[in-house]
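A structural walkthrough
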Amino acid sequence: MNETKNDTIVKALSFDGSIRIYAAQTTGLVNVAQQTHHTYPIPTAALGRTLTAAAIMGAMMKGDNESVTIQIKGDGPMGGLTVVGNSKSEVKGYVNVPDVHLESAKPGKLNVGGAIGKGTLSIMRDLGLKEPYIGQVPLVNGEIAEDLTYYYASSEQIPTAIALGVLVEPDGSVSHSGGFILQLMPEASEADAEKLENIMKTLPPVTDMLKNGMSAEDILLKATEGFNMLIDNHHITPEYACNCSRSKMEKALISLGKKELKAIIEEQGQAELNCHFCNNKHLFTKSDLERLIKSI
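Residues numbered from 1 in each chain as written. Predicted model: local features only at pLDDT ≥ 70, side-chain atom pairs only at ≥ 80, totals over all residues. Heavy atoms only, no water.

**Re the sheet that holds strand E11 (residues 239-240)**
Ordered by their spatial adjacency, 6 strands build an open sheet running E7-E6-E3-E4-E5-E11, and the pairing between neighbours is mixed. Each edge of the sheet is formed by a strand with only one pairing partner; in this case those strands are strand E7 (133-138) and E11. With 6 bridges joining them, strand E6 (residues 119-126) and E7 adopt antiparallel strand pairing. Each residue of the ladder has a partner; that of Thr120, found in E7, is Pro138. Strands strand E3 (67-74), strand E4 (80-86), strand E5 (90-95), E6 and E11 of the sheet are contacted by helix H2 (residues 41-59), whose axis makes an angle of about 150° with E5. (Pairing = 2+ DSSP bridges. Helix = DSSP H or I, 4+ residues; strand = E, 2+ residues; numbered from the N terminus. Contact = heavy atoms within 4.5 Å. Axes fitted to C-alpha atoms, helices over the stretch in contact; angles between N-to-C directions.)

**Topic: the environment of Leu261**
The topology assignment puts Leu261 in helix H9 (residues 258-267). Placed 190 residues apart in sequence, Leu261 and Gln71 show a C-alpha to C-alpha distance of 30 Å.

**Topic: the packing of helix H1 (residues 27-37) against H2**
Interhelical geometry of H1 versus H2 gives an angle of 135° and a closest axis separation of 10 Å. When the interaxial angle is binned, H1 and H2 end up oblique. Remark: the crossing between H1 and H2 carries right-handed chirality. Residues Leu29, Val30, Ala33, Gln34 and His37 of H1 lie in contact with H2, whose contacting residues are Thr44, Leu47, Gly48, Leu51 and Thr52. In terms of residue class, the contact of H1 with H2 is built from 5 nonpolar, 5 polar and no charged. (Parallel < 35°, antiparallel > 145°, perpendicular 65-115°, else oblique. Left-handed = near helix turned anticlockwise from the far one by under 90°. Nonpolar A, V, L, I, M, F, W, Y, C, P; charged D, E, K, R; others polar.)

**Section: the pattern of salt bridges**
Per the counting criterion, the structure on display carries 7 salt bridges. The partner of Lys11 in a salt bridge is Asp232, with the nearest N and O atoms 3.7 Å apart. Taken together, the residues Lys11 in strand E1 (residues 8-14) and Asp232 in the loop between strand E10 (229-231) and E11 connect sequence positions 221 residues apart. Taking relative accessible area as the criterion, Asp232 reaches 30% and is therefore assigned partly exposed. Between Glu250 and Arg291 there is a salt bridge, and its shortest N-O distance comes to 3.1 Å. With Glu250 in helix H8 (residues 246-254) and Arg291 in helix H10 (residues 286-295), the pair connects residues that are 41 residues apart, well separated along the chain. According to the relative accessible area criterion, Arg291 is partly exposed, its value standing at 41%. (Salt bridge = Lys/Arg side-chain N within 4 Å of Asp/Glu carboxyl O. Buried < 20%, exposed > 50% of the residue type's maximum accessible area, 1.4 Å probe, protein only.)

**Let's talk about the packing of aromatic side chains**
In this structure the tally under the stated criterion is 2 aromatic pairs. Taking 5.3 Å as the distance between ring centres and 70° as the angle between the ring planes, the aromatic pair formed by Tyr94 and Phe277 counts as edge-to-face. One end of the pair, Tyr94, is in strand E5; the other, Phe277, is in the loop between strand E12 (271-274) and strand E13 (281-284), with 183 residues separating them in the sequence. Each of the two residues, Tyr94 as well as Phe277, counts as buried. Ring geometry for Tyr151 and Tyr152: centres 5.6 Å apart, planes at 70°, overall edge-to-face. Cation over ring: Lys92 sits above Phe277, and NZ or CZ is 4.7 Å from the ring centre. Positioned over the ring face of Phe227 is Lys195, at 4.4 Å from the centre of the ring. (Phe/Tyr/Trp six-rings, centres within 6.5 Å; stacked < 30°, edge-to-face > 60°. Lys NZ or Arg CZ within 6 Å of the ring centre and 35° of its normal.)

Shown next, in the form of structure tokens:
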């Protein structure tokens, strides 16, 4: 989609192999998500932060067929959200309740944590093996970045710094979105960890840096100031993309079995399936359903 033409993910490794970082600018794809789901500002911010994280996590994958699913379940009015990303940094997602509005807990800051509430963060990694890897942690505050940071520390034992930001304008559009994931490698020393901790304490919010004209590469260098970084020349273009299709919907209907499909014909006469990720609707008429029954 042309709206995502300026979106990018850049990555770098320190010369001594002690740290690695992936930084992203995702304004275009988050706008596509907002327009697809007609989200209010708070759900837009929550979904945008998670889509950005998933795009970066996709870029970190090694296999072509690998994917990651981030699911947040909370007791707040938004309920939660689901985001899926693949190794091409193609992402898609949705929030349970897209029209949530809450008063800000802090001036000028969207109350994402309040909208999500208390709950759990689950991450499923499909590495193309028989069983996917699933990790789950309690939410720290529902603000996404801190929750993902805690997940990496507790489930994967990787010291990680994560910053995510989405700036939503009064008309609901997204003017700036991006973030980074920075990780300490086994080669890192305590001095490296302390230096990074001091950088994180003084680093401006991601949206402020983007608003001031900084690129993803600029943010990467700002977050690793004082380290000698080797930036990968191969930049990745993340994109909001759904791979749903009529044939996949047919398979879903077939999986219901003959009895259930016959019941749908008797009670409704037809079936309309809606994709949660892109809102595309697929209509199956009575004759379509009868054809599927015969194919079982």
